[in-house]
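# Commentary on secondary and tertiary structure
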Amino acid sequence: MREFSEELGVGAERVRIVGRLPDRQQVSNRFVITPIVGVLDPQTRFSVDGEEVVGVITVPLEALVANGAIREGAFNYEGRRIWGFTARILKSFVDAWNEPASALRAAVESAIQEGPGRSPFQR
């Protein structure tokens, strides 16, 4: 959440954390990354840092989890290609989403249904 806040200007109060994905190790620097899954308040606006982030791409959940959306290690959306480490994390998300009786899917769907009216939005 610290990185999310610093790089995109989104406070923790605008995110409901619903789960985490398996740790992933970056090949280039050997860092171990723990991907966290959260649902954003729909009114969230981003304020890009500019030092570490060039821009933000928002992708509807339906497009990401569509059958065959991630192919050959990449995800293409509206003329943009998401690949490499980010695509591997997205693939991990899609795999968890598609598990039978997926706890991640249930948590995301529940958070979306509850919406931002619940106070505080964060879990």
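This write-up is about the structure you can find in this document.

With that settled, the discussion passes to the sheet that holds strand E6 (residues 74-77). Taking strand neighbours across the sheet as the criterion, the three strands line up as E5-E6-E7 in an open arrangement whose pairing is antiparallel. For this open sheet the edge positions go to strand E5 (70-71) and strand E7 (80-83), each flanked by a neighbour on one side alone. With four bridges joining them, E6 and E7 adopt antiparallel strand pairing. Paired with Phe 75 across the two strands is Ile 82, which belongs to E7. With respect to the sheet, helix H3 (residues 84-98) is in contact with E5, E6 and E7, its orientation differing from that of E7 by roughly 80°.

Attention now moves to the packing of aromatic side chains. Under the criterion given, the structure shown has two aromatic pairs. A ring pair is formed by Phe 75 and Tyr 77, whose centres lie 6.3 Å apart and whose planes are at 5°; its orientation type is stacked. The exposure classification of Phe 75 matches that of Tyr 77, with both residues buried.

Procedures and definitions
Residues numbered from 1 in each chain as written. Predicted model: local features only at pLDDT ≥ 70, side-chain atom pairs only at ≥ 80, totals over all residues. Heavy atoms only, no water. Pairing = 2+ DSSP bridges. Helix = DSSP H or I, 4+ residues; strand = E, 2+ residues; numbered from the N terminus. Contact = heavy atoms within 4.5 Å. Axes fitted to C-alpha atoms, helices over the stretch in contact; angles between N-to-C directions. Phe/Tyr/Trp six-rings, centres within 6.5 Å; stacked < 30°, edge-to-face > 60°. Buried < 20%, exposed > 50% of the residue type's maximum accessible area, 1.4 Å probe, protein only.

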